[in-house]
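# Coordinate inspection notes
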Amino acid sequence: MRNALGLMLASVGAAVVIAAVWFWTSSPRADSAVAATVSVPPAERLAATASAKPVPIAEDADVTAVIPAKPPVLPQPKTACANPDALGVSRVVEIDTTGGPGFGFAHFKQLDFLADKEIVLTFDDGPWPVNTPSVLKALADECTKAVFFPIGKHATYHPEILKQVAAAGHSVGAHTWSHANLNSQKMTEQQAKDEIEKGFSAVKLALGAAPSPFFRFPQLQHGAAAMTYLGTRNVAIFSCDVDSFDFRAKDATQIISQARASS
Ligand SMILES: [Zn+2]
């Protein structure tokens, strides 16, 4: 289990102008297709996370690279942002999750839709009081969007917070029911399936709508049987390119340096 939360900090390079690309997305439920979007802010700043208090479980901040072939670039309308130096969103990408593709070079090398200086921000383990609203504020201050991977149990504890995440326009996937290690020797195939299904169901219950068919393995422990299963459910698997290791950090400065070191 990890902790910490996000504040946008640090600066590493110039902005790029990119645009919108859309792929079609299928839902984990065959009867309810969902448009799952990934916002791609320009990497004019590296996003990192900072935890003022290392208390309850919060959001991991991983920077995830993703998707199939380089798509055509279309103009993306700019939205008003009070912060002239905001990270922003350069384009929105819609992912085809058919067959359960994997993204993030830490585990998957085949698919990469990011252009130079682009990043996708992802946050795990919420929803949680204090931390999740702090993450939402930081993202709002930067006029940017992220992908959240909530824990099913936590979604049942704080459905109102998860609703706020979705209402703010972020993508919401799932991160199992109890944050169990699906790659453990003790984990049976059925238990792994239950963790996945109960996780998605809990998030759906909290949101009142189906989440995006996006999944992140707890601790990035990719169990073979669970991966196969996710493929049959047309759920995309998100590893990451850069881990902020915020759960090891004492403060924002440390998180920034760790994220930079591993990028
Ligand atoms: Zn986690």
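Throughout, a residue's number is its position along its own chain's written sequence, starting from 1. It should be noted that, the model being predicted, local features are given only for residues of pLDDT at least 70 and side-chain atom pairs only at 80 or more, the latter also being counted only at that level, while totals for whole chains, interfaces and linings use all residues. Only hydrogens and water are set aside; all other atoms, that is, all heavy atoms of the structure, feed into the side-chain values.

### A few points about the sheet that holds strand β6 (residues 102–103)
- When DSSP finds two or more bridges between two strands, those strands count as paired. Secondary structure counts use DSSP, requiring at least four H or I residues in a row for a helix and at least two E residues in a row for a strand, with both numbered from the N terminus. Pairing in this open sheet of three strands is parallel, and the strands run β6-β11-β10 from one edge to the other. Strand pairing shows two members of the sheet lacking a second neighbour, β6 and β10 (214–215), which therefore form its edges.
- Here two bridges tie β10 to strand β11 (residues 236–238), and the two strands are oriented parallel to one another. From the neighbouring strand, phenylalanine 215 faces β11, where its bridge partner is isoleucine 237.

### Some remarks on the state of the cysteines
- The disulfide criterion is simple: two cysteine sulfur atoms within 2.5 Å. Enumeration over the complete set of coordinates arrives at one disulfide.
- Disulfide pairing places cysteine 81 opposite cysteine 143 at an S-S distance of 1.8 Å. Judged by the torsion about the S-S bond (80°), the cysteine 81/cysteine 143 disulfide is right-handed. On the criterion of sequence distance, the pair formed by cysteine 81 in the loop between β4 (60–63) and β5 (91–94) and cysteine 143 in the loop between α1 (131–141) and β8 (147–149) is long-range, its members being 62 residues apart.

### Notes on the coordination of the zinc ion
- The donor set covers N, O and S atoms within 2.8 Å of the metal, switching to 3.2 Å for Na, K and Ca, and it leaves out water, so a site may look short of donors. Protein ligation of the zinc ion involves Asp125 (OD), His175 (NE2) and His179 (NE2), the donor distances falling in the range 2.0 to 2.1 Å.
- Sequence positions of the residues that donate to the zinc ion give the spacing D-x49-H-x3-H. Of this pair, aspartate 125 sits in the loop between β7 (121–124) and α1 while histidine 175 sits in the loop between β9 (171–172) and α4 (189–207); the two residues are 50 residues apart in sequence, bridging distant segments of the chain. Just as aspartate 125 is buried, histidine 175 falls in that class too. For the exposure calls, accessible area comes from a 1.4 Å probe over protein chains only, and a residue counts as buried if that area is under 20% of its type's maximum, exposed if over 50%, partly exposed in between.

### Details of the pattern of salt bridges
- Here, a salt bridge means any side-chain nitrogen of Lys or Arg that lies within 4 Å of a carboxyl oxygen of Asp or Glu. Inspection of every chain in the model, using the stated rule, returns four salt bridges.
- The shortest N-O distance in the salt bridge between glutamate 118 and arginine 91 comes to 2.6 Å. On the criterion of sequence distance, the pair formed by glutamate 118 in the loop between β6 and β7 and arginine 91 in strand β5 is long-range, its members being 27 residues apart. Arginine 91 carries the same exposure label as glutamate 118, and that label is buried.
- Notably, a salt bridge pairs arginine 216 with aspartate 124, separated by 2.8 Å at the nearest N-O pair. In this pair, arginine 216 is assigned in the loop between β10 and α5 (224–232) and aspartate 124 in strand β7, connecting sequence segments 92 residues apart.
- Take arginine 216: its relative accessible area is 0%, and that puts it in the buried class.

### With respect to the nonpolar core
- Counting 31 residues, the largest nonpolar core has Phe148, Leu162, Leu182, Ile196 and Phe215 as its most contacted members.
- For this core, the secondary structure elements donating two or more residues are β7, α1, α3 (159–167), α4 and α5.
- A contact between two residues is defined here by any heavy atoms of the two lying within 4.5 Å. Ignoring anything within four residues of it in the chain, the contact list for isoleucine 196 reads Leu182, Phe215, Ala226, Tyr229 and Leu230.
- Here, the term nonpolar core denotes a set of buried Ala, Val, Leu, Ile, Met, Phe, Trp, Tyr and Cys residues that are joined through side-chain atoms within 4.5 Å. Among the nonpolar cores identified, the runner-up in size contains 11 residues, and Val93, Leu114, Ala236 and Phe238 belong to it.

### Observations regarding the packing of α3 against α4
- In contact at an axis separation of 8 Å, α3 and α4 are set at 80° when each is read in the N-to-C sense. In this view, α3 runs roughly perpendicular relative to α4, as classed from their interaxial angle. For the pair formed by α3 and α4, the contact residues are Pro159, Leu162, Lys163 and Ala166 on the first element and Val203, Ala206 and Leu207 on the second.
- Lys, Arg, Asp and Glu make up the charged group, whereas Ala, Val, Leu, Ile, Met, Phe, Trp, Tyr, Cys and Pro make up the nonpolar group; the residues left over, Gly among them, are polar. Looking at the contact of α3 with α4, its residues break down into six nonpolar, no polar and one charged. Axes here refer to lines fitted to C-alpha atoms; in helices the fit is confined to the stretch in contact. Angles between the N-to-C directions go from 0 to 180 degrees. Any angle from 65 to 115 degrees is called roughly perpendicular, while one under 35 is roughly parallel, one over 145 is roughly antiparallel, and all others are oblique.

### Things to note about the environment of aspartate 124
- The buried category is assigned to aspartate 124, whose relative accessible area is 2%.
- Put simply, aspartate 124 and valine 147 are 23 residues apart on the chain and 8.6 Å apart in space, counted from C-alpha to C-alpha.
- A distance of 2.8 Å separates polar atoms of two side chains, one belonging to aspartate 124 and the other to arginine 216. N or O atoms within 3.5 Å of each other form a polar contact, as long as, within protein, one can give a hydrogen and the other can take it, and as long as residues adjacent in sequence are counted only when both atoms are side-chain atoms.

### Observations concerning α1
- For α1, every residue scored as buried is listed here: Asn131, Thr132, Val135, Leu136, Ala138 and Leu139. Relative to the axis of α1, the buried residues are bounded by an arc of 160° and lie together on one face. Away from its buried face by more than 90 degrees, α1 exposes Lys137 and Ala140.
- Looking one or two residues past α1, cysteine 143 carries a phi angle of roughly 50°, positive in sign. Arc definition: it is the arc formed by the directions from the helix axis to the C-beta atoms.

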